[in-house]
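# Structural description and commentary
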Amino acid sequence: MDVLVSGLIKKLHNHILSNVSYEDLRKETAAYMNEEAPGSNDNRDSGDGEISEIVSCGTLLYLGDVISLLEHVASTMNWSWSFTNIVLKLLDILDSCGIEKLVPAIVVLLGQLGRNGVDANGYDDSGVETLRGRLSSFLNRKSSAIIDLPFHIAIVNALLGILPLRFEELFESKNELSEVVKDSAPADCIRNWFSLLNKEHQSSVRLLLNKLV
(Lines give C-alpha, C1' and ligand atoms only; values in the text may rest on other atoms or scores of the structure.)
Protein backbone atom coordinates (compact mmCIF):
# COMPACT_ATOMS: atom_id res chain seq x y z
CA MET A 1 0.00 0.00 0.00
CA ASP A 2 2.91 2.36 0.73
CA VAL A 3 4.21 2.03 -2.83
CA LEU A 4 0.74 2.59 -4.27
CA VAL A 5 0.13 5.77 -2.30
CA SER A 6 3.62 7.12 -2.97
CA GLY A 7 3.01 6.67 -6.69
CA LEU A 8 -0.33 8.46 -6.59
CA ILE A 9 1.04 11.36 -4.59
CA LYS A 10 4.02 11.67 -6.92
CA LYS A 11 1.71 11.85 -9.93
CA LEU A 12 -0.48 14.38 -8.14
CA HIS A 13 2.55 16.55 -7.37
CA ASN A 14 3.87 16.31 -10.91
CA HIS A 15 0.47 17.28 -12.28
CA ILE A 16 0.27 20.40 -10.15
CA LEU A 17 3.83 21.53 -10.84
CA SER A 18 4.01 20.80 -14.55
CA ASN A 19 0.39 21.34 -15.64
CA VAL A 20 0.24 17.95 -17.34
CA SER A 21 -3.18 17.15 -18.72
CA TYR A 22 -5.67 15.02 -16.83
CA GLU A 23 -5.37 12.43 -19.60
CA ASP A 24 -1.60 12.27 -19.16
CA LEU A 25 -2.09 11.86 -15.42
CA ARG A 26 -4.50 8.99 -16.06
CA LYS A 27 -2.22 7.20 -18.52
CA GLU A 28 0.94 7.57 -16.44
CA THR A 29 -0.73 6.46 -13.22
CA ALA A 30 -2.44 3.51 -14.92
CA ALA A 31 0.89 2.46 -16.47
CA TYR A 32 2.59 2.69 -13.09
CA MET A 33 -0.12 0.61 -11.44
CA ASN A 34 -0.07 -2.01 -14.21
CA GLU A 35 3.65 -2.48 -13.61
CA GLU A 36 3.20 -2.84 -9.87
CA ALA A 37 0.01 -4.88 -9.81
CA PRO A 38 0.85 -8.30 -11.29
CA GLY A 39 0.44 -11.14 -8.93
CA SER A 40 3.19 -10.39 -6.44
CA ASN A 41 1.99 -10.78 -2.88
CA ASP A 42 5.04 -9.31 -1.22
CA ASN A 43 3.81 -7.32 1.77
CA ARG A 44 0.72 -6.07 -0.06
CA ASP A 45 -2.34 -4.95 1.83
CA SER A 46 -5.52 -6.72 0.75
CA GLY A 47 -6.90 -3.42 -0.56
CA ASP A 48 -4.19 -3.01 -3.20
CA GLY A 49 -5.78 -5.39 -5.69
CA GLU A 50 -9.09 -3.57 -5.66
CA ILE A 51 -7.47 -0.16 -6.07
CA SER A 52 -5.10 -1.39 -8.78
CA GLU A 53 -8.09 -2.69 -10.71
CA ILE A 54 -9.85 0.67 -10.45
CA VAL A 55 -6.83 2.49 -11.84
CA SER A 56 -5.99 -0.01 -14.58
CA CYS A 57 -9.59 0.06 -15.80
CA GLY A 58 -8.98 3.64 -16.88
CA THR A 59 -11.37 5.37 -14.49
CA LEU A 60 -8.69 7.70 -13.13
CA LEU A 61 -9.65 10.56 -15.44
CA TYR A 62 -9.43 13.68 -13.33
CA LEU A 63 -7.49 15.20 -10.47
CA GLY A 64 -10.55 14.61 -8.30
CA ASP A 65 -10.27 10.88 -8.97
CA VAL A 66 -6.75 10.81 -7.56
CA ILE A 67 -7.93 12.64 -4.46
CA SER A 68 -10.94 10.35 -4.08
CA LEU A 69 -8.68 7.33 -4.42
CA LEU A 70 -6.36 8.63 -1.70
CA GLU A 71 -9.39 9.17 0.53
CA HIS A 72 -10.49 5.60 -0.14
CA VAL A 73 -7.06 4.24 0.78
CA ALA A 74 -7.06 6.26 4.01
CA SER A 75 -10.46 4.83 4.94
CA THR A 76 -8.99 1.32 4.84
CA MET A 77 -5.94 2.18 6.97
CA ASN A 78 -5.48 3.45 10.51
CA TRP A 79 -4.96 7.13 11.31
CA SER A 80 -1.27 6.79 12.18
CA TRP A 81 -0.51 5.24 8.79
CA SER A 82 -2.65 7.78 6.93
CA PHE A 83 -0.99 10.68 8.72
CA THR A 84 2.53 9.52 7.88
CA ASN A 85 1.93 8.34 4.33
CA ILE A 86 -0.75 10.72 3.06
CA VAL A 87 -1.32 13.76 5.27
CA LEU A 88 2.31 14.82 5.68
CA LYS A 89 3.04 14.30 1.99
CA LEU A 90 0.01 16.32 0.89
CA LEU A 91 1.08 19.13 3.22
CA ASP A 92 4.53 19.05 1.62
CA ILE A 93 2.90 19.38 -1.81
CA LEU A 94 1.01 22.48 -0.66
CA ASP A 95 4.22 23.91 0.81
CA SER A 96 5.95 23.53 -2.55
CA CYS A 97 3.16 25.14 -4.60
CA GLY A 98 3.15 28.76 -5.68
CA ILE A 99 0.04 30.81 -4.98
CA GLU A 100 -1.27 30.25 -8.50
CA LYS A 101 -1.11 26.46 -8.09
CA LEU A 102 -2.73 26.03 -4.69
CA VAL A 103 -5.42 23.36 -4.84
CA PRO A 104 -8.43 23.73 -2.49
CA ALA A 105 -9.43 20.11 -3.16
CA ILE A 106 -6.24 18.90 -1.44
CA VAL A 107 -7.14 20.98 1.62
CA VAL A 108 -10.65 19.51 1.61
CA LEU A 109 -9.12 16.02 1.63
CA LEU A 110 -6.78 16.98 4.47
CA GLY A 111 -9.77 18.18 6.47
CA GLN A 112 -11.57 14.89 5.91
CA LEU A 113 -8.51 12.89 6.93
CA GLY A 114 -8.03 15.11 9.98
CA ARG A 115 -11.56 14.32 11.11
CA ASN A 116 -10.64 10.64 10.87
CA GLY A 117 -7.80 11.39 13.27
CA VAL A 118 -10.16 13.17 15.66
CA ASP A 119 -12.58 10.22 15.53
CA ALA A 120 -9.72 7.80 16.21
CA ASN A 121 -7.77 9.60 18.93
CA GLY A 122 -9.48 12.88 19.79
CA TYR A 123 -8.58 16.53 19.27
CA ASP A 124 -5.35 16.25 21.28
CA ASP A 125 -3.78 13.63 19.00
CA SER A 126 -0.27 14.75 17.99
CA GLY A 127 -0.98 14.21 14.30
CA VAL A 128 -4.18 16.25 14.48
CA GLU A 129 -2.28 19.02 16.28
CA THR A 130 0.42 18.97 13.60
CA LEU A 131 -2.20 19.20 10.87
CA ARG A 132 -3.86 22.18 12.58
CA GLY A 133 -0.53 23.96 12.86
CA ARG A 134 0.48 23.34 9.25
CA LEU A 135 -2.91 24.40 7.87
CA SER A 136 -2.87 27.53 10.03
CA SER A 137 0.48 28.53 8.57
CA PHE A 138 -1.16 28.93 5.14
CA LEU A 139 -3.56 31.52 6.54
CA ASN A 140 -0.59 33.49 7.83
CA ARG A 141 0.98 33.82 4.40
CA LYS A 142 0.83 37.34 3.05
CA SER A 143 -1.60 37.57 0.19
CA SER A 144 -3.66 40.23 -1.46
CA ALA A 145 -5.05 38.25 -4.38
CA ILE A 146 -8.77 37.48 -4.31
CA ILE A 147 -7.91 34.22 -6.06
CA ASP A 148 -6.66 32.95 -2.69
CA LEU A 149 -10.06 33.29 -1.04
CA PRO A 150 -11.39 29.82 -2.05
CA PHE A 151 -8.14 28.27 -0.81
CA HIS A 152 -8.36 30.13 2.50
CA ILE A 153 -12.02 29.20 2.96
CA ALA A 154 -11.09 25.55 2.37
CA ILE A 155 -8.38 25.86 5.04
CA VAL A 156 -10.72 27.46 7.56
CA ASN A 157 -13.36 24.81 6.93
CA ALA A 158 -10.75 22.06 7.34
CA LEU A 159 -9.54 23.63 10.59
CA LEU A 160 -13.05 23.90 11.96
CA GLY A 161 -13.47 20.17 11.40
CA ILE A 162 -10.50 19.43 13.67
CA LEU A 163 -11.18 22.10 16.31
CA PRO A 164 -13.67 21.58 19.16
CA LEU A 165 -15.35 24.88 18.24
CA ARG A 166 -17.89 25.99 15.67
CA PHE A 167 -17.19 29.05 13.52
CA GLU A 168 -19.58 31.33 15.41
CA GLU A 169 -18.14 30.24 18.75
CA LEU A 170 -14.83 31.80 17.76
CA PHE A 171 -16.52 35.20 17.87
CA GLU A 172 -19.17 34.66 20.54
CA SER A 173 -16.66 33.95 23.28
CA LYS A 174 -15.68 37.02 25.29
CA ASN A 175 -12.79 35.16 26.88
CA GLU A 176 -9.38 34.53 25.41
CA LEU A 177 -9.55 31.45 23.20
CA SER A 178 -6.79 29.87 25.27
CA GLU A 179 -9.36 29.65 28.08
CA VAL A 180 -11.84 27.88 25.80
CA VAL A 181 -9.69 25.49 23.77
CA LYS A 182 -6.33 23.89 24.59
CA ASP A 183 -4.70 24.51 21.20
CA SER A 184 -5.83 28.09 20.63
CA ALA A 185 -3.32 29.20 17.97
CA PRO A 186 -5.32 27.87 14.98
CA ALA A 187 -8.52 29.43 16.34
CA ASP A 188 -6.74 32.77 16.82
CA CYS A 189 -5.43 32.45 13.28
CA ILE A 190 -8.96 32.06 11.91
CA ARG A 191 -10.10 35.07 13.92
CA ASN A 192 -7.26 37.21 12.59
CA TRP A 193 -7.80 36.09 8.99
CA PHE A 194 -11.52 36.85 9.18
CA SER A 195 -10.90 40.28 10.67
CA LEU A 196 -8.81 41.25 7.62
CA LEU A 197 -11.63 40.55 5.15
CA ASN A 198 -13.84 43.39 4.00
CA LYS A 199 -17.44 43.41 5.22
CA GLU A 200 -18.81 41.94 2.01
CA HIS A 201 -16.44 38.99 2.14
CA GLN A 202 -17.03 38.54 5.86
CA SER A 203 -20.76 38.24 5.26
CA SER A 204 -20.28 35.73 2.43
CA VAL A 205 -17.72 33.67 4.35
CA ARG A 206 -19.85 33.58 7.50
CA LEU A 207 -22.87 32.38 5.52
CA LEU A 208 -20.87 29.74 3.66
CA LEU A 209 -19.01 28.34 6.66
CA ASN A 210 -22.13 28.13 8.78
CA LYS A 211 -23.66 25.99 6.03
CA LEU A 212 -20.59 23.78 5.63
CA VAL A 213 -19.81 23.12 9.28
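Here, every reference points to the structure presented above.
Notes on the structure follow. In this text, all values refer to a predicted model and were calculated from it rather than measured experimentally. (Residues numbered from 1 in each chain as written. Predicted model: local features only at pLDDT ≥ 70, side-chain atom pairs only at ≥ 80, totals over all residues. Heavy atoms only, no water.)

### Comments concerning the pattern of salt bridges
This is how it is decided: Salt bridge, as applied in this entry: a Lys or Arg side-chain nitrogen positioned within 4 Å of an Asp or Glu carboxyl oxygen. Numbering goes from the N terminus for both helices and strands, where a helix is a DSSP run of H or I of at least four residues and a strand is a run of E of at least two. Exposed residues in this analysis have more than 50% of their type's maximum accessible area, buried residues have under 20%, and partly exposed residues fall in between, with area computed by a 1.4 Å probe over protein chains only.
This model, assessed by the stated rule, comprises four salt bridges. Here aspartate 95 makes a salt bridge to arginine 134, at a shortest N to O gap of 2.7 Å. Of this pair, aspartate 95 sits in helix α5 (residues 79-96) while arginine 134 sits in helix α7 (residues 126-139); the two residues are 39 residues apart in sequence, bridging distant segments of the chain. With relative accessibility at 23%, the residue arginine 134 sits in the partly exposed group. Among the ionic pairs, arginine 166 bridges to glutamate 169, the shortest N-O distance being 3.9 Å. Since its relative accessible area comes to 26%, glutamate 169 is described here as partly exposed. Through salt bridges with shared partners, one network takes in Asp92, Asp95 and Arg134.

### A word on helix α4 (residues 63-76)
Note the following rule: To estimate how far a helix should reach, multiply one less than its number of residues by 1.5 Å. Summarising the geometry, the arc corresponds to the directions from the helix axis toward the C-beta atoms.
Given a rise of 1.5 Å per residue, 14 residues ought to cover 20 Å, and the 21 Å separating the end C-alpha atoms of α4 matches this to within 8%. When we look at burial in α4, the residues that qualify are Leu63, Val66, Ile67, Leu69, Leu70, Val73 and Ala74. Seen end-on, α4 carries its buried residues on one side only, within an arc spanning 160°.

Function cannot be read off these values alone, since they describe shape.
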